[in-house]
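Here are the chains, one letter per residue:
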Amino acid sequence: MKTRAGWRRFLPKTNVTYKQTGADNLEHILYTVLHDAPDSRWKAADVEWLNGAIEMLRYRVQSAAPSEKAVLLQALLIVQAPRAARAQAQMDAHKHGYHNREKRLFELIDFNDTFVDAVLALAPHERAGFAQRLYADIRKFSKQAGASVLSDEQYEAIVRGLSREIAVYLAARQLNYEARMTSRTDDALGIDMIITNAKTRNQLNIDCKTPSAFRYRLEDLVKEGRITDDELLKADEEDYITVVNRHNNERIPVTIVCIRPERLGEIKDFEFSDYRPIHQLIEELFAGQQQHKL
């Protein structure tokens, strides 16, 4: 793949000592992206010029030392934001499909995946206020890039949805379980994360839902004939259900979990305010797995 000469500065350098703070590094990276921007950036709909910077930042993330990864992921996320804003605007404007829908959907999914990676790369104390700081950086960069920006409501919806998944992931790690977030670009089964008991090797494929989305999914499963009305009522009471999905001739159990604030408490800065309820639920899911027959 050929790249413009301007993007070469994104390639990893050796024998370089970084004396700047993380914020200074972030500001420098974003300045470099804007410095190499073509004049066409002032056409608000044209964000394709960002693709080269996105690919180079992605390359740097893959080869970065742990100490540099958090800042690079934040830079990647901010540079992806104009594409995500365009994708979200087109999805909102054309509910029943539109040209390049699959490509736009991928760009929004890509932004969400990077958001999760960026949060998980932070030290615990850095999570406080991160979403607000990030949005300020996104708004500033998007304006300087001549691009549209995610609205307050759109950004809040993304953060709220991803916060639930991140909070469950962090809770599982607190219990010393192995946990891995799945990439939405690869995910055809609605699995948000895989939690594994390292001792028994038992595994949970988790799909996190809001209360309304959980109920909607249960009703769909009834319509599809995959669960009964009694199973719906039981799931409604327990806030979870395990169904078996078929994928490439495999039968894969997926546990759909309702993240209900009344039961699990509030989430702030990507963590549950009280870990005890979610810990209890995760243990319950593993215990129930023993009785679940595929």
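The structure we're discussing is the one just above.
For every chain, the first residue of the written sequence is number 1, and numbering continues from 1 along that sequence. For a predicted model such as this one, the threshold for reporting local features is a pLDDT of at least 70, and the threshold for listing and counting side-chain atom pairs is 80 or more; totals across whole chains, interfaces and linings nevertheless cover every residue. Side-chain metrics in this entry use all non-hydrogen atoms of the structure; hydrogen atoms and water are not considered.

**Here's the deal with the overall build of the chain**
Secondary structure counts use DSSP, requiring at least four H or I residues in a row for a helix and at least two E residues in a row for a strand, with both numbered from the N terminus. When helices and strands are counted, the chain shows ten helices and seven strands. Only protein chains enter the accessibility calculation, which uses a 1.4 Å probe; a residue is then buried when its area is under 20% of its type maximum, exposed when over 50%, and partly exposed in between. Put simply, the chain has 294 residues, and 45% of those count as buried. The long-range share in the chain, meaning contacts at least 24 apart out of those at least 6 apart in sequence, stands at 60%. Values of accessible area rely on a 1.4 Å probe in the Shrake-Rupley scheme; residue burial ignores everything except the protein chains shown. Of the accessible surface of the chain, which amounts to about 16,300 Å², a share of 49% is contributed by carbon and sulfur atoms. In what follows, a contact means two residues having at least one pair of non-hydrogen atoms within 4.5 Å.

**As for the packing of helix 3 (residues 66-93) against helix 5 (residues 130-144)**
Note on geometry: axes are C-alpha line fits, over the in-contact stretch for helices, and angles between N-to-C directions span 0 to 180 degrees. Axis separation between helix 3 and helix 5 bottoms out at 9 Å; the angle between their running directions is 50 degrees. When the axis of helix 3 is compared with that of helix 5, the two are oblique. Once helix 3 is placed against helix 5, the crossing between them reads as right-handed. Across the interface between the two elements, Gln74, Leu77, Ile78, Val79, Ala81 and Pro82 of helix 3 pack against Phe130, Leu134, Asp137, Ile138, Phe141 and Ser142 of helix 5. Only Asp, Glu, Lys and Arg are considered charged, only Ala, Val, Leu, Ile, Met, Phe, Trp, Tyr, Cys and Pro nonpolar, and every remaining residue, Gly among them, polar. Among the residues forming the contact of helix 3 with helix 5, the class breakdown is nine nonpolar, two polar and one charged. Working rule for angles: under 35 degrees goes down as roughly parallel, over 145 as roughly antiparallel, 65 to 115 as roughly perpendicular, anything else as oblique. Crossing handedness is defined as follows: a turn of the near helix away from the far one that is anticlockwise and smaller than a right angle gives a left-handed crossing, while the clockwise case is right-handed.

**Section: the pattern of salt bridges**
The salt bridge criterion pairs a side-chain nitrogen of Lys or Arg with a carboxyl oxygen of Asp or Glu, the two atoms within 4 Å. Taken as a whole and judged by the stated rule, the model has 19 salt bridges. Here Arg260 ties to Asp239 by a salt bridge, and the two come within 2.9 Å at their closest N and O atoms. Highlighted residues: Arg260 in the loop between strand 5 (250-258) and helix 9 (261-264) and Asp239 in the loop between helix 8 (229-238) and strand 4 (240-247), separated in sequence by 21 residues. Of the residues examined, Arg260 reaches a relative accessible area of 21% and is grouped as partly exposed. The salt bridge involving Arg263 is made with Asp239; its shortest N-O contact spans 3.7 Å.

**Quick word on empty space enclosed by the protein**
Note on definitions: the grid is 1 Å and covers protein atoms alone; a cavity is a set of points where a 1.4 Å probe fits but cannot get out; a pocket is an open set with protein on both sides within 12 Å along at least five of seven lines; lining residues have an atom within 4 Å of a point. Grid points are joined across faces, edges and corners, and a volume is the space filled by probe spheres set on the points. Considering all chains together, one arrives at one cavity of 30 Å³ or more under this definition. Lining the largest cavity are Val168, Ile195, Ile206, Cys208, Val257, Ile259, Ile278, Leu281, Ile282 and Leu285. Of all elements in the fold, only strand 3 (203-209) and helix 10 (275-291) reach the threshold of two or more residues within the lining of the largest cavity. No other element matches the four residues that helix 10 contributes to the lining of the largest cavity. Residue composition of the lining of the largest cavity, grouped by class: ten nonpolar, no polar and no charged.

**As for the sheet that holds strand 4**
One key point about sheets: their strands pair by backbone hydrogen bonds, in either a parallel or an antiparallel sense. Judged by pairing direction, the sheet is mixed, and its five strands sit side by side in the order 1-2-3-5-4 without closing on themselves. In this open sheet, the two edge strands, each paired with only one partner strand, are strand 1 (178-181) and strand 4. Adjacent strand axes in the sheet meet at a mean angle of 30 degrees, parallel and antiparallel pairs treated alike. Strands in contact with helix 7 (residues 211-223) are strand 3, strand 4 and strand 5; relative to strand 5, the strand with the most contacts, it is inclined by about 140 degrees. In this analysis, strands are considered paired if DSSP registers two or more bridges between them.

**Thoughts on the pairing of strand 1**
The alternating pattern of strand 1 places Ala179 and Met181 on a buried face and Glu178 and Arg180 on a face that is not buried. One ladder, built from four bridges, connects strand 1 with strand 2 (residues 193-196); its direction is antiparallel. The partner of Glu178 across the bridge, within strand 2, is Thr196.

**Re helix 6 (residues 152-174)**
Multiplying one less than the number of residues by 1.5 Å gives the expected span of a helix. Taking 1.5 Å of rise per residue, 23 residues should cover 33 Å, and helix 6 covers 32 Å from first to last C-alpha, within 8% of that figure. Count one or two residues on from helix 6 and you reach Asn176, which has phi positive near 70 degrees.

**As for the side chain of Asp192**
Along the polypeptide, Asp192 turns up in the loop between strand 1 and strand 2. Given a relative accessible area of 9%, Asp192 falls into the buried group. A polar contact is formed between the side chain of Asp192 and the backbone nitrogen of Cys208, at a distance of 2.7 Å. Setting aside anything within four residues of it in sequence, one finds Asp192 in contact with Glu165, Met181, Thr182, Ile206, Asp207 and Cys208. Whenever a nitrogen or oxygen atom comes within 3.5 Å of another N or O atom, the pair is scored as a polar contact, on the condition that within protein one atom can donate a hydrogen and the other can accept it, and that pairs from neighbouring residues in sequence are kept only if both atoms are in side chains.

**Thoughts on unusual backbone geometry**
Its identity is not glycine, yet Asp239 carries a phi of approximately 70 degrees, on the positive side. The backbone of Asp269 shows a phi angle near 50 degrees, a positive value even though the residue is not glycine. Within the secondary structure layout, Asp269 lies in the loop between strand 6 (267-268) and strand 7 (271-272). The exposure class assigned to Asp269 is partly exposed, which follows from its relative accessible area of 26%.

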